[in-house]
Amino acid sequence: MADKRSAIYHNMYTMLDAGLDILRVFKTLNQGLQGSYKRSWEKLEQSVVAGASIAEAMKQQGGAFDKFDILMVAAAERSGNLPKALELLSKWYEFRHRIITKIRSGLIFPFLVLNIAAFVYPLPGFVVGEITRNEYFGMVWTVLSIFYIPTICILVILYLGKKIPILKYALDYIVLWIPALGKGIFILSLSRYCRSFYMLSSAGLGAIETAQTACELTGNAVVKRLLQGGAGAARAGSNTSEGFIAEQLSAEFVDLWHVGEESGTMDKVTAKLADISADRAEFCFETFANWLPKVIYACVCIMIIIQIFKVFSNIYGGLGVGL
């Protein structure tokens, strides 16, 4: 099922582009929503009717709307380009949903196999009486903890990272070293920056505010550090790219950015860079989704082989003693 936010933004874009006023759009939209989405968008409609802007109404609902969405809508309202921003938001959430679905679908069965293997691996020793029940479950937990403890730690860091930035930076740095996945996240963060830069610039924001806001929306603290000098360079009257840490970015990315600045076609260049980066990020995520199950299967096979050798060792060892 497609991402709900993508469908909502697409429907809003279609109705606004057809000439409907915003209140009628909200009324029509809310008729087709259910659950938490319906409650959030009904509150949004009430706030807009009361005189708030859409971005202000979104901000009033705390975490119901992403910062990315609020900033995009705010910039679009100021420039009168709301339909275009909603169309781009729809495409962004559709892309994100596609990536998440590919990774999730590729991991469900391997993790099921892993959990079964954790219970099977120490089973022969328990059956023949070499280990007690407590030792058996201890071994099961040891195998599972290798995978689940890092996962729990990551979730805790993600939660605390909102309050302790250094933890978020450390996690973002470590994630970038994971084969395929790290490269995908790095490239996707560049795509988010370019997409945000294009959307904010198209919405009418100035160069300084565009560069600063786009940097906040990269999604990765390490990539943000590489690009955050762009706002300072723009504030000093220079090209945005002069503030990038260019040696840690691809030559193609930097060269295309320079071309956009020199030719005055930043809208086209940033949109193109966003599309190119998104395609490459998707390829990296597909590679990760394809290879991670194979790695898990290989680990399970190694566990089974080790257990087989132990069983044969016990059998032939016992026969040797008997002789």
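Located above this text is the structure these notes cover.
As a starting point, this report considers the structure included with it. No experiment lies behind these values; they were computed from the predicted model shown. (Residues numbered from 1 in each chain as written. Predicted model: local features only at pLDDT ≥ 70, side-chain atom pairs only at ≥ 80, totals over all residues. Heavy atoms only, no water.)

### Overview of the nonpolar core
Moving on, step 1. Membership of the largest hydrophobic core comes to 70 residues, with the highest contact counts inside it found for W41, Y193, L227, F253 and W257.
Moving on, step 2. In terms of nonpolar packing, the next biggest core, distinct from the first, is built from 13 residues, Y136, L144, V300 and M303 among them. (Core = buried A, V, L, I, M, F, W, Y, C linked by side-chain atoms within 4.5 Å. Buried < 20%, exposed > 50% of the residue type's maximum accessible area, 1.4 Å probe, protein only.)

### Here we look at the environment of L167
Moving on, step 1. Relative to the assigned elements, L167 resides in helix α9 (residues 165-175).
Moving on, step 2. When the C-alpha positions of L167 and E130 are compared, they lie 43 Å apart, and in sequence the two are 37 residues distant. (Helix = DSSP H or I, 4+ residues; strand = E, 2+ residues; numbered from the N terminus.)

### Brief notes about the environment of I100
Moving on, step 1. Within the secondary structure, I100 is located in helix α6 (residues 82-120).
Moving on, step 2. A sequence separation of 77 residues divides I100 from W177, and the C-alpha atoms of the two residues are 19 Å apart.

### A short note on helix α14 (residues 251-263)
Moving on, step 1. Here α14 is 13 residues long and its end C-alpha atoms lie 18 Å apart, about the 18 Å a rise of 1.5 Å per residue gives.
Moving on, step 2. Looking only at α14, the buried set comprises F253, V254, W257, G260 and E261. The buried side chains of α14 occupy one side of the element, clustering within an arc of 125 degrees when seen end-on. Exposed residues lying more than 90 degrees from the buried face of α14 are A251 and E262.
Moving on, step 3. With its phi angle positive at about 70 degrees, G264 sits one or two positions after the end of α14. (Expected span 1.5 Å × (residues − 1). Arc of directions from axis to C-beta.)

### Considering α9
Moving on, step 1. For α9, the set of buried residues is L171, D172 and V175. Across the axial projection of α9, the buried residues extend over an arc of 100 degrees, all falling on one side. Across α9 from its buried face, at more than 90 degrees, point the exposed residues I166 and I174.

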